[in-house]
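Analysis of the macromolecular model
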There are 4 protein chains.
Amino acid sequence: MIQSVAFIGLGAMGYRMAAHLPKHFDTVLVWNRNFSKAEQHATEYGTTAVELSKAVQADIIFSCLPTSQDVETLIDSVEIKSGAIWIDCTSGVPEAAQRLAEKLKLQNIDFLDAPVSGQTIGAENATLTFMVGGDVRAFERAYPAMAALGKLIQHVGNSGAGFAVKAINNMLLAVNLWSVAEGFSTLKAHGVNLDAALNCINASSGKSLVTENIFPQRVLSREFPVTFALPLLAKDTGIALDLVHDAKLPAPILSLTQSLIQAASLTAEPNSDFSAAVKMYESWSKITLE
Amino acid sequence: MIQSVAFIGLGAMGYRMAAHLPKHFDTVLVWNRNFSKAEQHATEYGTTAVELSKAVQADIIFSCLPTSQDVETLIDSVEIKSGAIWIDCTSGVPEAAQRLAEKLKLQNIDFLDAPVSGQTIGAENATLTFMVGGDVRAFERAYPAMAALGKLIQHVGNSGAGFAVKAINNMLLAVNLWSVAEGFSTLKAHGVNLDAALNCINASSGKSLVTENIFPQRVLSREFPVTFALPLLAKDTGIALDLVHDAKLPAPILSLTQSLIQAASLTAEPNSDFSAAVKMYESWSKITLE
Amino acid sequence: MIQSVAFIGLGAMGYRMAAHLPKHFDTVLVWNRNFSKAEQHATEYGTTAVELSKAVQADIIFSCLPTSQDVETLIDSVEIKSGAIWIDCTSGVPEAAQRLAEKLKLQNIDFLDAPVSGQTIGAENATLTFMVGGDVRAFERAYPAMAALGKLIQHVGNSGAGFAVKAINNMLLAVNLWSVAEGFSTLKAHGVNLDAALNCINASSGKSLVTENIFPQRVLSREFPVTFALPLLAKDTGIALDLVHDAKLPAPILSLTQSLIQAASLTAEPNSDFSAAVKMYESWSKITLE
Amino acid sequence: MIQSVAFIGLGAMGYRMAAHLPKHFDTVLVWNRNFSKAEQHATEYGTTAVELSKAVQADIIFSCLPTSQDVETLIDSVEIKSGAIWIDCTSGVPEAAQRLAEKLKLQNIDFLDAPVSGQTIGAENATLTFMVGGDVRAFERAYPAMAALGKLIQHVGNSGAGFAVKAINNMLLAVNLWSVAEGFSTLKAHGVNLDAALNCINASSGKSLVTENIFPQRVLSREFPVTFALPLLAKDTGIALDLVHDAKLPAPILSLTQSLIQAASLTAEPNSDFSAAVKMYESWSKITLE
């Protein structure tokens, strides 16, 4: 039985995710580097803001930080309760998950790599998807904690598998984003009505989340709202490509996409949404996707 | 008012499409090169099998043939009724549509390029998508005939625009098919459960019709049912690339995809489904996607 | 026996090429759209500036114009002497060569597509390479005229073959230019001395004309002298890719290179040398190749 | 002053390289895992076959092994003479060079990464190219030993720079090999004479070592002599790509080439020469390059 749950890292995602926990668990501890954020969360949602050393005494410890490096540094600095389960929701590096899981196992602690999808709206509505790697019994014990925050809680394999699925998912997003930009620029160059074309494709075999959602809402609208930063997408495509190379696989389309997204990230204005990657392509084609 | 409708080309799609017409129109003429097919259709659905020269006297003439070349040859061989509208559902070449529309205009005939998506099941249920290029008034006059066979009847631009949207749609299908093969091979090489990964991605930003439908039903099932032949997908990606080059656009991902699909088509077993393109990638990776 | 030779098109290449002809032939006629150029050539080199209609009465007629389109328009406007051989040194389109050769054959005129390499210095020193497509007996009869201007006069196949070889040559130049830019940026990012690296590669298996000449003289020197315009290289890579598609071949590297060069051409400053294509890559990598 | 030189690893390259040393140095020690090879070398060339522990007491120690991993394992197993210089001619990993140089520095030993090019013929004639990374004073002290075996002895940067230049060189070789295969298949499909085309390109801007040497001697001759194994080229392109990723650079052409060479290596017959990578392309194009 889960008695206490902690949440470490109250960013845009974490802040909203942790808000659901008091409805399901008696003791909910929160910690954030900028501690006033934790105190604000406690006031707003009835959680308890505590020191880091205390947070890691909970039965279940969630973390949601920018990179695997941040998680490793933090874990190395604390003494975690024996028997706890650490659920890392960072979009991290599979190798780091394997390293941490092995290391914590020696201290009788389970580590699950459990990145999420669904964005801030999914965090707010507790409809996130959790893609989870690690020990299957730990997964089952930790299930209720994740189920409090998400709709689909899916075990996908051993340690690192969760991070791997997230990286490949984001790579496919990148492939779709760029290829739809190429395709729709071609259509526009030939005088085709883009909204009408989207309608057709969304009822056909070429559809994707990019054609259904990202393109109309972010690109054609010219809004490019900054909800997922382009450098983070570049990082994720890099993680995916590392998986490709570790497996010694050829992957022409993924490799090319990573190069293009990397170039887009290096040339984009600071603080660009991932969808703004299409602007590099627009600078080539001289066609604005609107 | 549409009094008579003809349907030319009773293949897997056309046979099912023409079956709906008698419910909506008094006179429904059918013609097929192998004429016994037309007679069978007449018996089965109450249409009237006629000679080609008579079929082209209808108010609305549908055609559904393998290539634009076939349509041009056929049109050049007949005298079409003045005032008729020709609706070509072939997955054809935009340039051919422009040429035919211009030529027929001189004879007071409208030509609409109106390729469809939805496969045989959509033809059977009259839920096809029509992506239509050509004169907008002709489109409006012909609308009821298409509405009898489809659910979304979308005007997308001038002559050729319909074919262009279809070609780009199929190119995006090809991009997704190949990139999902690369991504899932990578996941399998790292021991990830592919069905679980599909579940996650289908609830996330990387999803597409390929992850939702093609991959589970055709690839992971190892069925590769032959409903859309690989050489036809190769042809369509070629049409898409011609559009790219006519517009003098760079398109790295589409170009690379066309090369890969072309290679897959040249190396595939005869009579392969488009989804079997992944088998070429499997021969590289030595990983079977199952 | 060749009695008279004409040269049409006295640009940077043609002006220098035609200068050698009076040393070998009694009658040398020159014509240029801007006719004062022809008169200047006559004064300087002892050629005879004549009207176009008279130039095309020579036994051998050279042309050296920007595009195949220009050559076709010009040929359509004149009456050429029966029995003449037209040697077109333009970097042109294989299909146009086939069309012209067929058309002129009916008038008892031979057409050879005979693009050259060697740049202005080769034109000046009569050390050009001629890559020649067309009838082999016409080639043999015209040989002395080309031998007066070049060092290697090579028959490569039927009509169009000369243009094809030139297009593929320039495509390989483009591949080398871009890939060396990627490779040397990588070396610079790792602190390698680029001049020393060039020395090594030029003594090894990775060497090319780009590493031996283009990179040190044009790129690392930051000179980018405008001797071969970037849009012309983009045009040539386009011709090469059309050959690929006509043959229905997959060509991943050539296709990708064409996309990149096309993008570089669309984003470059006006009047850029082909070597300035690397500047687009530099804008991605933030590394200046110097 | 160099008094004694050792050579470790008497493979196809090392055996020939070590043969020159007795002409220049009084004491020349050789060692090989299969020790009879060392004894044979001593008999043939007047070197001295010794145990490994004794070989590493020389002033200069050359190594020439399959991979950096092999070199690291070997170095970890011995006690090297203080003040010695280790010259590693393996085509190795830059990171390994940095690690070894740092570690050996603590024992007052210099480590130079000094891969060579020139193949067995260059080893036999002492005309190799050495691309050397590491401390510049160590380079100068070790210069005479390398000069005994090569023609161009080039310092290219700090530790790892030599390996980096070799990896990029081999990547450029791979780019050229594959793109020439695409280009020449296109020419052959259009009926062009390939030998004639090679002549032209070798006198033009598209030339490379591949067009001058590899293609005529290995591919068009259909000989594919096994002098440099395809899996080793795949390994080297992988090292090059790791350099790209470490530097966080986009590199579309290099990335795509690595994927293609990796695929070719995975599908090739065992014991294939690197030039046999074109056979994968031939299986796509159905065109034999001969």
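Please read these numbers as outputs of a predicted model, since none were measured by experiment.

Here is what the cut-offs are and how they apply
Position numbers for residues start from 1 in each chain and track the written sequence from start to end. The order in which chains are written sets their letters, starting at A; the order in which ligands are written sets their numbers, starting at 1. Only residues with pLDDT of at least 70 get local features here, since the model is predicted, and only at 80 or more are side-chain atom pairs given and counted; chain-wide, interface and lining totals rely on the full set of residues. Values shown for side chains rest on all heavy atoms present in the structure; no hydrogens or waters enter the calculation. Helix and strand labels come from DSSP, where a helix needs a run of H or I of at least four residues and a strand needs a run of E of at least two; each type is numbered from the N terminus. Only C-alpha atoms enter the radius of gyration; for comparison, a globular chain is expected to reach 2.2 Å times N to the power 0.38, where N is the number of residues. Burial classes follow relative accessibility: with a 1.4 Å probe on protein chains only, a residue under 20% of its type's maximum area counts as buried, one over 50% as exposed, and anything between as partly exposed. Only heavy atoms matter for contacts: two residues are in contact if any of them lie within 4.5 Å across the pair. Method for areas: the Shrake-Rupley scheme with a 1.4 Å probe, in which residue coverage is limited to the protein chains shown. Residues scored as positive are Lys and Arg, those scored as negative are Asp and Glu, and His as well as the terminal groups of each chain are ignored. Note that the charge is assigned to NZ on lysines, CZ on arginines, CG on aspartates and CD on glutamates. Copies are brought into register by a least-squares superposition over C-alpha atoms of residues with pLDDT of at least 70 in both. Candidate patch residues must exceed 30% relative accessible area and have no salt bridge, after which like charges are joined if within 9 Å and Val, Leu, Ile, Met, Phe, Trp or Tyr side chains if within 5 Å. What makes a salt bridge here is a side-chain nitrogen of Lys or Arg within 4 Å of a carboxyl oxygen of Asp or Glu, nothing more. Pairs of N or O atoms within 3.5 Å make up the polar contacts considered here, provided that, within protein, one atom can donate a hydrogen while the other can accept it, and that residues adjacent in sequence are counted only when both atoms are side-chain atoms. Between the rings of Phe, Tyr and Trp (Trp by its six-membered ring), a pair exists once the centres lie within 6.5 Å; its type follows the angle of the planes, with under 30 degrees stacked, over 60 edge-to-face, and the other angles tilted. For a lysine, the NZ atom is tested; for an arginine, the CZ atom; a charge sits over a ring if that atom is within 6 Å of the ring centre and within 35 degrees of the ring normal. To define axes, lines are fitted to C-alpha atoms, for helices over the stretch in contact only, and angles between the resulting N-to-C directions are given on a 0 to 180 degree scale. Should an angle fall under 35 degrees it is called roughly parallel, over 145 degrees roughly antiparallel, and 65 to 115 degrees roughly perpendicular, with every other angle called oblique. UniProt positions are given in the numbering used here, feature names are shortened, and annotations may be inferred rather than shown by experiment. When the strands point away from the viewer and the connection leading from the first strand across the helix to the second strand turns clockwise, the crossover is called right-handed. Buried Ala, Val, Leu, Ile, Met, Phe, Trp, Tyr and Cys residues form a nonpolar core when they are joined through side-chain atoms within 4.5 Å. The span you would expect from a helix comes to 1.5 Å times its residue count less one. Here the quantity called buried area is the accessible surface, traced with a 1.4 Å probe, that two parts lose on coming together, added over both. Should DSSP find at least two bridges between two strands, the strands are regarded as paired. Domain delimitation follows an automatic or database domain assignment.

Looking now at the overall build of chain A. What chain A contains, in helices and strands, is 13 helices and 9 strands. Computed over the C-alpha atoms, the radius of gyration of chain A is 20 Å, within 12% of the 19 Å expected from 2.2 N^0.38 for a compact globule of 290 residues. Counting only C-alpha atoms, chain A reaches 65 × 45 × 35 Å along its principal axes. For chain A, with 290 residues in total, the buried portion stands at 64%. Pairs at least 24 residues apart make up 66% of the contacts formed inside chain A by residues separated by at least 6 positions. Working note: accessible area of chain A is about 10500 Å², and carbon and sulfur atoms make up 49% of it. Charge-centre separation for chain A: the mean point of 21 positive side chains lies 2 Å from the mean point of 28 negative side chains.

This next bit is on the relation of the copies chain C and chain D. For these two chains of identical sequence, chain C goes onto chain D by a turn of 180° and a shift of 0.0 Å along the axis, with RMSD 0.1 Å. On this basis, the relationship between the two copies can be described by a two-fold rotation axis. Measuring from the rotation axis to each C-alpha of chain C, the shortest distance belongs to S208(C), at 1.8 Å.

Right, let's talk about a negative patch on the surface for a bit. Together, E95(A), D242(A), D246(A), E95(D), D242(D) and D246(D) make up a region of like negative charge exposed at the surface. One can find D246(A) in helix 11 (residues 230-246).

A word on the interface of chain B and chain A. If you look at the interface, chain B gives 60 residues, while chain A gives 60 residues. Where chain B packs against chain A, one counts 0 salt bridges. If you look at where chain B meets chain A, you find 20 residue pairs in polar contact (both at pLDDT 80 or more). The set of elements that each furnish at least two residues to the side of chain B that touches chain A consists of strand 8 (128-133), strand 9 (150-157), helix 8 (161-189), helix 9 (194-201), helix 10 (209-219), helix 11 (230-246), helix 12 (252-267) and helix 13 (278-285) of chain B. Looking at the side of chain B that touches chain A, the element that brings in the most residues is helix 8 of chain B, giving 19 residues.

In the structure shown here, the tally under the stated rule is 34 aromatic pairs over all chains. Taken together through their ring pairs, the aromatic side chains of W178(A), Y281(A), W284(A), W178(C), Y281(C) and W284(C) make up a single cluster. The side chain of K279(D) reaches across the aromatic face of F224(D), ending 4.4 Å from its centre.

Turning our eyes to something else, we now look at the packing of helix 8 (residues 161-189) of chain A against helix 12 of chain B. In a packed pair of helices, the relevant descriptors are the angle between the two axes and the axis-to-axis distance. Two elements in contact, helix 8 of chain A and helix 12 of chain B, have axes whose closest approach is 8 Å; the angle formed by their N-to-C orientations is 95°. With respect to helix 12 of chain B, the element helix 8 of chain A is oriented roughly perpendicular. Contacts from W178(A), S179(A), E182(A) and G183(A) in helix 8 of chain A reach P252(B), I253(B) and L254(B) in helix 12 of chain B.

Under the UniProt annotation, "domain: 6-phosphogluconate dehydrogenase NADP-binding" (unreviewed entry) lies at residues 5-157 of chain A. Secondary structure content for residues 5-157 of chain A is 40% helix and 25% strand, and the end C-alpha separation is 24 Å.

A few words now on the UniProt feature "active site" (unreviewed entry) in chain A. Residues and elements named next belong to chain A. Under the feature "active site" (unreviewed entry), the UniProt entry names K166. The residue K166 is located in helix 8 in this model. Take K166: its relative accessible area is 11%, and that puts it in the buried class. Discounting chain neighbours no more than four positions away, the residues touching K166 are S91, P115, V116 and M131. A distance of 3.0 Å separates a polar side-chain atom of K166 from the backbone oxygen of V116.

What follows is about the pairing of strand 9 of chain B. The buried fraction of strand 9 of chain B is high, at 6 of 8 residues. Read as a crossover between parallel neighbours, the route from strand 8 of chain B over helix 7 (residues 136-147) of chain B to strand 9 of chain B is right-handed.

In this section: the nonpolar core. The biggest cluster of nonpolar side chains holds 236 residues, and the ones touching the most others in it are F215(A), F215(B), F215(C) and F215(D). Once residues lying within four places of it in the same chain are set aside, the contact partners of F215(A) are L177(A), V180(A), A181(A), F184(A), V210(A), L220(A), S221(A), V278(A) and L289(A).

Here we take up helix 13 of chain B. Summarising burial for helix 13 of chain B: 6 of the 8 residues are buried, a large majority. Along helix 13 of chain B, the residues classified as buried are V278(B), M280(B), Y281(B), E282(B), W284(B) and S285(B). Of the surrounding elements, those touching the buried residues of helix 13 of chain B are helix 12 (252-267) of chain A, helix 8, helix 10 and helix 12 of chain B together with helix 12 (252-267) and helix 13 (278-285) of chain D.

Time to look at helix 8 of chain A. All names here are of chain A. Relative to the 42 Å expected for 29 residues at 1.5 Å per residue, helix 8 spans 42 Å between its end C-alpha atoms, a close match to the ideal helical length. The element helix 8 is extensively covered by neighbouring structure, given that 27 of its 29 residues are classed as buried. Immediately downstream of helix 8, the backbone of G191 shows phi near 80°, a positive value.

Here we come to the pattern of salt bridges. A pair can form between side chains of opposite charge whenever their charged atoms are brought close. Scanning the model with the defined rule gives 44 salt bridges over all chains in all. A salt bridge links K103(A) to D76(A); its shortest N-O distance comes to 2.9 Å. Pair noted here: K103(A) is in helix 5 (residues 94-105) and D76(A) is in helix 4 (residues 68-76), with a separation of 27 residues, a long-range link. Taking the relative accessible area as the measure of exposure, K103(A) reaches 32% and is therefore partly exposed. For D135(C), the salt bridge identified is with R137(C), shortest N-O distance 3.4 Å. A relative accessible area of 57% places R137(C) in the exposed class. Sharing partners across several salt bridges, the network here consists of K105(A), D110(A) and R141(A).

Many structure descriptions define interface size as the accessible area lost when the parts assemble. Across the contact, 60 residues belong to chain C and 60 residues belong to chain D. Summing both sides of the interface, chain C and chain D together bury roughly 4900 Å²; the carbon and sulfur share of this comes to 71%. Counting the contacts that link chain C with chain D gives 0 salt bridges. Our count for the chain C to chain D interface comes out at 20 residue pairs in polar contact (both at pLDDT 80 or more). When residues of the side of chain C that touches chain D are traced back to their parent elements, those giving at least two are strand 8 (128-133), strand 9 (150-157), helix 8 (161-189), helix 9 (194-201), helix 10 (209-219), helix 11 (230-246), helix 12 (252-267) and helix 13 (278-285) of chain C. The dominant element in the side of chain C that touches chain D, judged by the number of residues it contributes, is helix 8 of chain C, at 19 residues.

So, about the pairing of strand 1 (residues 4-8) of chain B. All names here are of chain B. Among the 5 residues that make up strand 1, 5 are buried, leaving the element largely enclosed by the rest of the structure. Burial along strand 1 is two-sided: the face carrying S4, A6 and I8 and the face carrying V5 and F7 are both buried. Strand direction decides the pairing type here: strand 1 and strand 2 (residues 27-31), joined by 5 bridges, are parallel. From the neighbouring strand, A6 faces strand 2, where its bridge partner is L29. Taking the sense of rotation as the criterion, the β-α-β connection linking strand 1, helix 1 (residues 12-18) and strand 2 turns out right-handed.

We now examine the domain arrangement of chain A. Residue and element names in this part refer to chain A. Each assigned domain of chain A is listed here: domain 1 (4-158) and domain 2 (164-285). Spacing between the C-alpha centres of domain 1 and domain 2 amounts to 29 Å. Taken together, the 10 residues of domain 1 in the interface contact 10 residues of domain 2. Buried surface at the junction of domain 1 and domain 2, both sides included, amounts to about 830 Å², of which 61% is carbon and sulfur. At the junction of domain 1 with domain 2, the criterion picks out 0 salt bridges. For the pair domain 1 and domain 2, the number of links is 5 residue pairs in polar contact (both at pLDDT 80 or more).

This part takes up the side chain of T47(A). Residues and elements named next belong to chain A. Inspection of the secondary structure assignment puts T47 in the loop between helix 2 (35-45) and strand 3 (48-49). Relative accessible area serves as the criterion here: at 6%, T47 is assigned to the buried category. Within the structure, the side chain of T47 is placed 3.4 Å from the backbone nitrogen of A42, a separation counted as a polar contact. Excluding anything up to four places from it in sequence, T47 contacts A18, P22, V28, V30, H41 and A42.

Residue and element names in this part refer to chain C. Mapped onto the elements of the fold, E124 is located in helix 6 (residues 119-124). Overall, the relative accessible area of 46% leaves E124 in the partly exposed class. Filtering out sequence-adjacent residues up to four positions away, E124 remains in contact with R16 and H20.

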